[in-house]
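Examination of the molecular architecture
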Amino acid sequence: SAVISQKPSRDICQRGTSLTIQCQVDSQVTMMFWYRQQPGQSLTLIATANQGSEATYESGFVIDKFPISRPNLTFSTLTVSNMSPEDSSIYLCSVYRGKAFFGQGTRLTVV
Amino acid sequence: QQQVKQSPQSLIVQKGGISIINCAYENTAFDYFPWYQQFPGKGPALLIAIRPDVSEKKEGRFTISFNKSAKQFSLHIMDSQPGDSATYFCAASSNSGGYQKVTFGIGTKLQVIP
């Protein structure tokens, strides 16, 4: 199993600002995944983060908008930059250990 | 392009009834088919999963039926309870560059009414 802690659990942000979401895993993992869950939508993979290398972004997501850090094998951050109301979503951190485990998510509202 | 199609998007079932959620996929490289349950304010949690060499898997009140030739699979919740009210996601995964890449369906919001 895996225990994943995400912070913050929710936030309300002004448009044009940035928010950094933290993800802490209880044990070392090679890859960490960041997902976005827009209201009424499915989970969409934003990027895959390996320790010591640049994150790999999925189609439609770019590093300038969603920079990711992966400083060690138990921690990652996702920044949502220059936010607009369209970025209002739940952002989820995930690891794969035989099956996918998820953090509780960060509910972001951009006003 | 939606690789995993899920229906219905919402479902209301009476307590004690059977909840059925259907999914279809296109990519024959998928080799693992999990279902996730998500309560409000929580991340998705694995409920039950199946591999394509099995046609059915049952765990308690939850059963996955899998039809490989039709590329379809479904979740049946028997004797549905109000505590089952949640959003359910079907998913499919395959090995991609050394890790399992998971593709999710759009989700089904289930409400079980007393």
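Here we summarise the structure given alongside this text. Worth saying up front: this structure is predicted, and the values here are computed from it rather than measured.

1. Some details on the interface of chain B and chain A
Counting residues at the interface gives 17 residues for chain B, matched by 19 residues for chain A. For the pairing of chain B and chain A, the buried interface totals around 1,500 Å² over both sides, and the portion due to carbon and sulfur atoms is 59%. Three residues stand out in chain B for area buried against chain A, namely Pro44, Tyr99 and Phe104 of chain B, and they jointly supply 32% of the buried area on that side. Here chain B is connected to chain A by one salt bridge. Salt-bridge contacts for lysine 101 of chain B lead to glutamate 58 of chain A; the nearest nitrogen and oxygen are separated by 2.7 Å. At the boundary of chain B with chain A, the tally comes to five residue pairs in polar contact (both at pLDDT 80 or more). Every element with two or more residues in the side of chain B that touches chain A is listed here: strand 4 (33-38) and strand 10 (99-104) of chain B.

2. A closer look at the state of the cysteines
Residues and elements named next belong to chain B. With the rule as written, the count across this model stands at two disulfides over all chains. Bridging cysteine 23 to cysteine 90, the disulfide has an S-S length of 1.9 Å. As the torsion about the S-S bond is roughly -95 degrees, the cysteine 23-cysteine 90 disulfide counts as left-handed. Residue cysteine 23 is found in strand 3 (residues 19-25), and its partner cysteine 90 is found in strand 9 (residues 86-96); the two are separated by 67 residues along the sequence. Here the two residues cysteine 23 and cysteine 90 agree in accessibility, since each one is buried.

Parameters at a glance
Residues numbered from 1 in each chain as written. Chains lettered and ligands numbered in written order. Predicted model: local features only at pLDDT ≥ 70, side-chain atom pairs only at ≥ 80, totals over all residues. Heavy atoms only, no water. Contact = heavy atoms within 4.5 Å. Buried area = accessible area lost by both parts, 1.4 Å probe. Salt bridge = Lys/Arg side-chain N within 4 Å of Asp/Glu carboxyl O. Polar contact = N/O pair within 3.5 Å; in protein donor to acceptor, adjacent residues only side chain to side chain. Helix = DSSP H or I, 4+ residues; strand = E, 2+ residues; numbered from the N terminus. Disulfide = S-S within 2.5 Å. Buried < 20%, exposed > 50% of the residue type's maximum accessible area, 1.4 Å probe, protein only.

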